[in-house]
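So the chains spell out like this:
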Amino acid sequence: MPGLTGPSDYSQEPPRHPFLKINSKQPFNAEPPRSALVSSYVTPVDFFYKRNHGPIPVVDDIERYSVSISGLIDNPIELFMKDIWKLPKYVVTATLQCAGNRRTAMSNVKKVRGVGWDVSAIGNAVWGGAKLADVLELVGISNFTGTTNSGGKHVEFISIDKCKEENGGPYKASIPLSQATNPEADVLLAYDMNGEPLNRDHGYPLRVVVPGVIGARSVKWLDSINIIAEECQGFFMQKDYKMFAPSVNWDNINWSTRKPQMDFPVQVKVSGYAASGGGRGIERIDVSVDGGKTWVETFRHQKTGVPYIADDMSSDKWAWVLFEVIVDVSRSTEIVAKAVDSAANVQPENVLEIWNLRGILNTSWHRVKVQVGHSNM
């Protein structure tokens, strides 16, 4: 693509914060320390987890960079950054999370494949950009459209990023057209993160942000947008990031029997966050200091000075909820945390109940063994 290239090696990687826990060097995948993650409601860019599938793309001429929109539409166009900047800018606070967050906990029970994430492959940021619904109106697709006149039902995002899983081809993913054209879904073509231009690790100069959905669908380094009839047929839609029962293994897996994972369910960390997919609020977060026998409800909050009310207009529906509670721990024990969202979804008690061969969506109760006199949280 003019203005944006995907390197074939890792010689032009950007600098990263030295405190990050590196889970893979090439491609670079890293997460912040637990304590840094929950120190603020909005995650600093340096401490926002880095999830990559190949060398980081390089912008050599921002004025020549453009995104094509084509497929099952009547009026294909090519958009330059100056065209996107002219559209109304929206700011959306949203949590992005890798579907493999807490994968290591699953691997400790039974081996799974994938990058070994602890609990910090998640972050909350303030994203700025144009709404995808506004962009699609430029090619004649009205708000709340489910199918184009030519039969398009999905919006496919293709990156300049090249990855081995696609045999050297670009990373790609899709979302339903009905979601893309819904202004209330807040899907963005984002160029800002926390009030500053995106940095290279997070998709400079332009990325998709799909709130309430696993991070794999928020494609970075956008190259093109295609309106297609069926879901994207790329590797990460069809042969990865799908949820299977614990009985499925690599010998009997049938990828076609499951739809691509989109929403992420309830996810909680004892040291301070809870999030639910689909824009649902967090109704309650409970903590137990005796391994789950008795529970105490926590104090939930997002913005300083503003009471958090699940699904209220004053709350950021796409963002995580921080929590805190003071408990007495008089002996070595196991502290457990679990959350309930506004649709009454509850986390499963045991990781064995949701173990899957890909090691994704570990939403089981989070447990931390505590020895009195030591700091574990």
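Just above sits the structure.
Presented here is a report on the structure given in the accompanying data block. (Residues numbered from 1 in each chain as written. Predicted model: local features only at pLDDT ≥ 70, side-chain atom pairs only at ≥ 80, totals over all residues. Heavy atoms only, no water.)

**A few points about empty space enclosed by the protein**
Space left empty within the atom packing is revealed by a probe, the size of a water molecule, rolled over the atoms. Under the counting rule described, the total for this entry stands at 4 cavities of 30 Å³ or more. Roughly 250 Å³ of internal volume is contained in the largest cavity. Around the largest cavity, the lining comprises 19 residues; the ones closest to its centre are Arg51, Arg207, Gly215, Ser218 and Lys220. Here the lining of the largest cavity is composed, by residue class, of 9 nonpolar, 4 polar and 6 charged. If you add up the space inside the second largest cavity, you get close to 80 Å³. Considering only residue class, the lining of the second largest cavity consists of 9 nonpolar, 6 polar and 5 charged. (1 Å grid on protein atoms, 1.4 Å probe; cavity = no way out; pocket = protein on both sides within 12 Å on 5 of 7 lines; lining within 4 Å. Points joined across faces, edges and corners; volume = space filled by probe spheres on them. Nonpolar A, V, L, I, M, F, W, Y, C, P; charged D, E, K, R; others polar.)

**Here we look at the environment of Lys110**
Within the secondary structure, Lys110 is located in the loop between α3 (103–109) and β9 (122–131). Here Lys110 is in contact with Pro246 and Trp355, once residues within four sequence places are set aside. (Helix = DSSP H or I, 4+ residues; strand = E, 2+ residues; numbered from the N terminus. Contact = heavy atoms within 4.5 Å.)

**With respect to a negative patch on the surface**
On the surface, a cluster of negative charge is made up of Glu283, Glu297, Asp311 and Asp312. Assignment of secondary structure puts Asp311 in the loop between β20 (299–301) and β21 (321–324). (Patch = residues over 30% accessible without salt bridge, like charges linked within 9 Å, V, L, I, M, F, W, Y side chains within 5 Å. Areas by Shrake-Rupley, 256 points an atom, 1.4 Å probe, with all protein chains shown as cover. Salt bridge = Lys/Arg side-chain N within 4 Å of Asp/Glu carboxyl O. Lys, Arg positive; Asp, Glu negative; His and termini not counted. Charge placed at Lys NZ, Arg CZ, Asp CG, Glu CD.)

**Side note on the pairing of β9**
Buried residues dominate β9, accounting for 9 of its 10 residues. Taken together, the 9 bridges between strand β8 (residues 89–97) and β9 define a ladder with antiparallel strand orientation. Residue pairing in the sheet places Lys89 in a bridge with Ala130 of β9. With 5 bridges joining them, β9 and strand β12 (residues 188–193) adopt antiparallel strand pairing. Pairing of Trp127 across the sheet is with Met193, part of β12. (Buried < 20%, exposed > 50% of the residue type's maximum accessible area, 1.4 Å probe, protein only. Pairing = 2+ DSSP bridges.)

**Observations regarding the sheet that holds strand β2 (residues 21–24)**
In spatial order, the strands read β2-β3-β4; together these 3 strands make up an open sheet with antiparallel pairing. Whereas interior strands pair on both sides, the edge strands pair on one side only; in this sheet they are β2 and β4 (50–51).

**Things to note about the sheet that holds strand β6 (residues 66–71)**
Ordered in space as β7-β6-β15-β10-β11, the 5 strands form an open sheet in which the pairing is mixed. The sheet terminates laterally at β7 (77–80) and β11 (170–176), the two strands that pair on one side only. The average undirected angle you get between the axes of adjacent strands in this sheet is 20°. As paired elements, strand β10 (residues 154–162) and strand β15 (residues 222–228) share 6 bridges and run antiparallel to each other. Across the sheet, Ser159 pairs through a bridge with Leu222, a residue of β15. (Axes fitted to C-alpha atoms, helices over the stretch in contact; angles between N-to-C directions.)

**A look at the nonpolar core**
Counting 48 residues, the largest nonpolar core has Leu132, Val155, Phe157, Ile175, Leu206, Leu222 and Ile225 as the members making the most contacts within it. Beyond its immediate stretch of four places on either side in the chain, Leu206 contacts Tyr65, Val67, Met81, Ile84, Leu189, Ala190, Tyr191, Leu198, Lys220, Trp221 and Leu222. The next biggest cluster of nonpolar side chains, apart from the first, holds 17 residues, and it includes Ala121, Ala125, Trp127 and Leu188. (Core = buried A, V, L, I, M, F, W, Y, C linked by side-chain atoms within 4.5 Å.)

**Description of the pattern of salt bridges**
Side chains carrying opposite charge are able to pair once their charged atoms draw close together. In this structure the tally under the stated criterion is 14 salt bridges. With a shortest N-O distance of 3.1 Å, Lys131 and Asp186 are connected by a salt bridge. Of this pair, Lys131 sits in strand β9 while Asp186 is found in the loop between α5 (177–180) and β12, placing the two residues 55 residues apart along the sequence. By relative accessible area, which is 11% here, Lys131 ends up buried. Using a relative accessible area of 14% as the deciding quantity, one classes Asp186 as buried. Asp286 is the partner of Lys338 in a salt bridge, and the nearest nitrogen-oxygen pair spans 3.3 Å. Linking Lys338 in strand β22 (residues 333–341) with Asp286 in strand β18 (residues 282–288), this pair joins segments that are 52 residues apart in sequence. Of the two residues, Lys338 and Asp286, both sit in the buried class. Overlapping salt bridges, with partners in common, bring together Glu13, Arg16 and Asp201 in one network.

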